[in-house]
Number of protein chains: 2
Amino acid sequence: MTTATGHLSAGKLRGLLSLADSDGIFRMIAVDQRPPIFKALARYDHRDPQEVSYQEVAQVKTLLTRVLAPEAGAILIDPNWTHPHALPYIPGSVGLMSTLEDYGFTLHNGERLSHPIEGWSVAKIKRSGADGVKVLIWHRPDVSPQTQAHQDAFVLSVGAACREHDIPLVLELLSYPKPGEAEDSLAYARAKPQWVVDSVRYYSDDRFGIDLLKLEFPASLKHCAEYASGAFDGQPREAAYDLDEVKGFVAELDAATNVPWVLLSAGVTPHEFTLNLELACEAGASGFLAGRAVWLEALEYYPDLGAIEAELITRSLPYLAMLSALAERALPWTEHRRYEGEVALAGAVEGWHTEYRG
Amino acid sequence: MTTATGHLSAGKLRGLLSLADSDGIFRMIAVDQRPPIFKALARYDHRDPQEVSYQEVAQVKTLLTRVLAPEAGAILIDPNWTHPHALPYIPGSVGLMSTLEDYGFTLHNGERLSHPIEGWSVAKIKRSGADGVKVLIWHRPDVSPQTQAHQDAFVLSVGAACREHDIPLVLELLSYPKPGEAEDSLAYARAKPQWVVDSVRYYSDDRFGIDLLKLEFPASLKHCAEYASGAFDGQPREAAYDLDEVKGFVAELDAATNVPWVLLSAGVTPHEFTLNLELACEAGASGFLAGRAVWLEALEYYPDLGAIEAELITRSLPYLAMLSALAERALPWTEHRRYEGEVALAGAVEGWHTEYRG
């Protein structure tokens, strides 16, 4: 629990220290993806993603974990495929975060409702020895009151459970297109910055109990004048803004947070994510939690696991090292304005151990 | 919980991985000492140990933690002085273990009865985000059935709580002199090896739920023919055994364990502990958990905290580095015969996350 002066409870403090590197910067990788992994493996033999077996997914996630985890500050895993099989390959010095939300969402008039993974919980995550709980909330500020209430209730319940078990809550916010909207359109690119900033401001309220935000880049560099000629994928697009405006959106995003935040990679290419991360770090991000930007290209070699491993070693690890070096410009989480210059344990006086809850 | 095949539950597996280095060897330091710290600080101004203030102890333990923790694989702390003040100085990559037993013991016909720290518990240790629970049991095999029953009940209750909260239990066993016995005597040196081996064999029973043993060297090198001339403290002693016999005791000790074990330093000098550790690693120990051998000499400069810090940096850290290098010859815990060549998660099949308890 965070007190008025920004002091942290023992479990949240230890958890954040474990997820961050010793310089206070988060250099984390995610292998908890589900549909993106199913889709990548389904390309082999032109299958439907549903035809990909449990064993195939577990094997690939274990491979990603075994190669990437030792070079990351922390790793985000799922409880279905990764946790049971890959745990022995995660060095104890590497922070461990577990995903709480199901990848499936229900639709309410085209609006996405999030749910926890059946049979998984904050209590189980804590008991398993993990250092943090991650939950993804689909969000845009223009949803109906019913959808908003459902999403809020979910976040509030997870926030309360994380306080109860004294473990950091990492909230991921993702905007999404409603039916009929195209994510790669000029209109979507134009609307996105305000959505992202408004969502962040909304969930920054202390009642939600968030300790770290995992945020998408608040604009599309593909629609940024300086890159709209097709810099990332060869496809020219109409510009929605220029780079100075984009920097303004990232600054607004940072100003809207009341806890430290990291950047997620959301399936953009390594080149685009590098630029996103540079801009985010300049604006006050405390690092990254990257997934597909790091390892997706290696999965093109599936089912040749040897070739995937070689690709991870020769391309993903150097890319991760580059991101890690770039993140040296990030803001250490301990220096976020929330902590007013001093990260300390709440109630750190004689007798703390008797007051602390079991 | 450990299954028949030696597979580990998620929290115990993650905890042991966190306490060990990535090579499976434990290189841990202890700053949870209480009477030895009171005594060291009381030397200043010729005080009684009870006159040493809370603030003094907290300050010195925080200094020890700040300098030593970053160079250790894990650190053992107490909940009274160290946890509330030194937690921010323990890097997240360094394993964290918390002490459960009170330093005070009650005497029953000269036999020591152990008790938990009032207001502290396994539940609190787990909730605080620590990776392991350490409990010291005073033990010798010749105690009365009443004393044995008391000590057993304590260990059993801690073992059950550690299973409940899925966190490793590190059991420390220490033999002790009964009133009228002298710890530095020939008779005590002669009796000790069998006591230590018998105690270890006794608590190795699976019903106690121990995951790692923290053991004293099972003989006194001061009373070993090769060193009895006064090699460590200038004081000659009568020999109780020779080095070959000592090696035999350590081999017996290793054979008596059914879980990995580490060596504790028990207040011997750095020189003697180095030899103890070499012999222990040769016999199958998985590393060390050292306290006073590493930092006690630096406390001679109290209350000059700057001089203590300088001494820690110029003497303790190089000594710790030497111990760490020496421990490369230790047996990785993952290779202990208990695990039959494969450390894995218990129940690691599809649906593990629903079966795992919250």
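Heads up: the structure comes first, above all this text.
Remember, it's a predicted structure, so these values are computed and weren't measured experimentally.

### Some words on the overall build of chain A
Phase 1: Helices and strands together make up the secondary structure of chain A, namely twelve helices and ten strands.
Phase 2: Here chain A has a C-alpha radius of gyration of 20 Å; the compact-globule value for 358 residues is 21 Å, and the two agree.
Phase 3: Dimensions of chain A, computed from the C-alpha atoms along their principal axes, are close to 60 × 45 × 40 Å.
Phase 4: Per-residue burial for chain A yields a buried fraction of 61% across its 358 residues.

### Structural notes on helix α6 (residues 145-164) of chain B
Residues and elements named next belong to chain B.
Phase 1: The first and last C-alpha atoms of α6 sit 28 Å apart over 20 residues, in line with the 28 Å expected at 1.5 Å per residue.
Phase 2: Of all the residues in α6, the buried ones are Thr-147, Gln-148, Gln-151, Asp-152, Phe-154, Val-155, Val-158, Gly-159 and Cys-162. One side of α6 holds all its buried residues, which, seen down the axis, span an arc of 160 degrees. Facing away from the buried side of α6, by more than 90 degrees, are the exposed residues Pro-145 and Gln-146.
Phase 3: With its phi angle positive at about 50 degrees, Asp-166 sits one or two positions after the end of α6.

### Remarks on the nonpolar core
Phase 1: Among the nonpolar cores identified, the biggest contains 119 residues, and Trp-333 of chain A together with Leu-221 and Phe-273 of chain B are the most heavily contacted of them.
Phase 2: Ranked by residues supplied to this core, first place goes to helix α3 (residues 54-68) of chain B with eight residues.
Phase 3: What Trp-333 of chain A contacts, discounting residues up to four positions off in sequence, is Leu-8, Leu-13, Leu-16, Leu-17, Ala-20, Gly-24, Phe-26, Pro-260, Ser-286, Tyr-339 and Val-343 of chain A.
Phase 4: Core analysis: the second largest hydrophobic core is formed by 117 residues, Ala-189 of chain A together with Leu-19, Ala-20 and Leu-212 of chain B among them.

### Describing the interface of chain A and chain B
Phase 1: Every contact between the two is made by 48 residues of chain A and, on the other side, 48 residues of chain B.
Phase 2: Together chain A and chain B conceal approximately 4,000 Å² of surface at their shared face, both sides included; 59% is due to carbon and sulfur atoms.
Phase 3: The three residues of chain A that bury the most area against chain B are Arg-14, Arg-127 and His-353 of chain A, which together make up 23% of that side's buried surface.
Phase 4: The interface formed by chain A and chain B holds two salt bridges in total.

### With respect to the packing of helix α8 (residues 243-256) of chain B against helix α9 (residues 270-283) of chain B
All names here are of chain B.
Phase 1: Following both chains from N to C, one finds α8 and α9 inclined at 50 degrees, their axes separated by 9 Å at the closest point. Relative to α9, α8 is oriented oblique. The handedness of the crossing between α8 and α9 is right-handed. Residues Leu-243, Val-246, Lys-247, Val-250, Ala-251 and Asp-254 of α8 pack against Leu-279, Ala-280, Glu-282 and Ala-283 of α9.
Phase 2: Of the residues belonging to the contact of α8 with α9, the class tally is seven nonpolar, no polar and three charged.

### Some points on the packing of helix α7 (residues 186-203) of chain A against helix α8 (residues 243-256) of chain A
All names here are of chain A.
Phase 1: With their axes 8 Å apart at the nearest point, α7 and α8 run at an angle of 10 degrees to one another. Between α7 and α8, the crossing angle belongs to the class labelled roughly parallel. Seen from α7, the contacting residues are Pro-193, Gln-194, Val-196, Val-197, Val-200 and Arg-201; seen from α8, they are Phe-249, Glu-252, Leu-253 and Ala-256.
Phase 2: Partitioned by chemical class, the residues of the contact of α7 with α8 number seven nonpolar, one polar and two charged.

### A closer look at the pattern of salt bridges
Phase 1: Within the structure shown, the criterion is met by 54 salt bridges over all chains.
Phase 2: Two residues, Arg-14 of chain B and Asp-131 of chain A, come together in a salt bridge whose shortest N-O distance is 3.1 Å. Of this pair, Arg-14 of chain B sits in helix α1 (residues 10-19) while Asp-131 of chain A sits in the loop between α5 (122-127) and β6 (132-138), placing the two residues on different chains. Considered together, Arg-14 of chain B and Asp-131 of chain A belong to a single accessibility category, that of buried residues.
Phase 3: Among the salt bridges present, the one from Arg-315 of chain A reaches Glu-311 of chain A, with a minimum N-O distance of 3.0 Å. On the criterion of helical spacing, the pair formed by Arg-315 of chain A and Glu-311 of chain A is a turn pair, its members being four residues apart in helix α11 (residues 305-326).
Phase 4: Assessed through its relative accessible area of 11%, Glu-311 of chain A is described here as buried.
Phase 5: A single network of salt bridges, built from pairs that share partners, joins Asp-32, Arg-34, Glu-101, Lys-134, Glu-172 and Lys-214 of chain A.

### Here we look at the sheet that holds strand β1 (residues 26-30) of chain A
Residue and element names in this part refer to chain A.
Phase 1: Spatially, eight strands are ordered β1-β2-β3-β6-β7-β8-β9-β10 in a closed barrel, and the strand pairing comes out parallel. Averaged over all pairs of adjacent strands, the angle between strand axes in this sheet comes to 25 degrees, irrespective of strand direction.
Phase 2: Bridge analysis of β6 against strand β7 (residues 169-174) gives six bridges, and the strand direction is parallel. Across the sheet, residue Leu-136 finds its bridge partner in β7, namely Glu-172.
Phase 3: Relative to the sheet, α7 contacts β6, β7 and β8 (212-215), its axis offset from that of β7 by approximately 150 degrees.
Phase 4: Here helix α9 (residues 270-283) sits on the sheet and contacts β9 (261-264) and β10 (287-290); the angle it forms with β9, its principal contact strand, is near 165 degrees.

### Topic: the pairing of strand β7 (residues 169-174) of chain B
Residues and elements named next belong to chain B.
Phase 1: With six of its six residues buried, β7 lies for the most part within the structure.
Phase 2: With burial as the criterion, each face of β7 is covered, one bearing Leu-169, Leu-171 and Leu-173 and the other bearing Val-170, Glu-172 and Leu-174.
Phase 3: As paired elements, β7 and strand β8 (residues 212-215) share four bridges and run parallel to each other. Residue Leu-171 lies in a different strand from β8, and its bridge partner there is Leu-213.
Phase 4: Tracing the backbone out of β7, into helix α7 (residues 186-203) and back to the parallel element β8 gives a crossover that is right-handed.

### Here's the deal with the packing of aromatic side chains
For any pair of aromatic rings, the description consists of the separation of the ring centres together with the inter-plane angle of the planes.
Phase 1: As enumerated under the stated definition, the model contains 30 aromatic pairs over all chains in all.
Phase 2: With 5.6 Å between their ring centres and 50 degrees between their planes, Trp-120 of chain A and Trp-352 of chain B make a pair best called tilted. Pair noted here: Trp-120 of chain A is in the loop between β5 (111-113) and α5 and Trp-352 of chain B is in helix α12 (residues 352-355), and the two residues belong to different chains.
Phase 3: Here the aromatic rings of Trp-333 of chain B and Tyr-339 of chain B are separated by 5.4 Å at their centres, their planes lie at 85 degrees, and the arrangement is edge-to-face.

### Details of the relation of the copies chain A and chain B
Phase 1: The operation relating chain A to chain B is a screw motion whose rotation component is 180 degrees, with 0.0 Å of axial translation and a residual RMSD of 0.0 Å. Those values place the two copies in the arrangement expected of a two-fold rotation axis. Nearest to the rotation axis, the C-alpha of Ser-93 of chain A is located 2.0 Å from it, this being the minimum over chain A.
Phase 2: Most of the interface of chain A is mirrored in chain B, where 100% of its interface residues are also at the interface.

Rules used throughout
Residues numbered from 1 in each chain as written. Chains lettered and ligands numbered in written order. Predicted model: local features only at pLDDT ≥ 70, side-chain atom pairs only at ≥ 80, totals over all residues. Heavy atoms only, no water. Helix = DSSP H or I, 4+ residues; strand = E, 2+ residues; numbered from the N terminus. Rg over C-alpha atoms; globule rule 2.2 N^0.38 Å. Buried < 20%, exposed > 50% of the residue type's maximum accessible area, 1.4 Å probe, protein only. Expected span 1.5 Å × (residues − 1). Arc of directions from axis to C-beta. Core = buried A, V, L, I, M, F, W, Y, C linked by side-chain atoms within 4.5 Å. Contact = heavy atoms within 4.5 Å. Buried area = accessible area lost by both parts, 1.4 Å probe. Salt bridge = Lys/Arg side-chain N within 4 Å of Asp/Glu carboxyl O. Axes fitted to C-alpha atoms, helices over the stretch in contact; angles between N-to-C directions. Parallel < 35°, antiparallel > 145°, perpendicular 65-115°, else oblique. Left-handed = near helix turned anticlockwise from the far one by under 90°. Nonpolar A, V, L, I, M, F, W, Y, C, P; charged D, E, K, R; others polar. Pairing = 2+ DSSP bridges. Right-handed = clockwise from strand over helix to strand, strands pointing away. Phe/Tyr/Trp six-rings, centres within 6.5 Å; stacked < 30°, edge-to-face > 60°. Least-squares fit on C-alpha atoms with pLDDT ≥ 70 in both.

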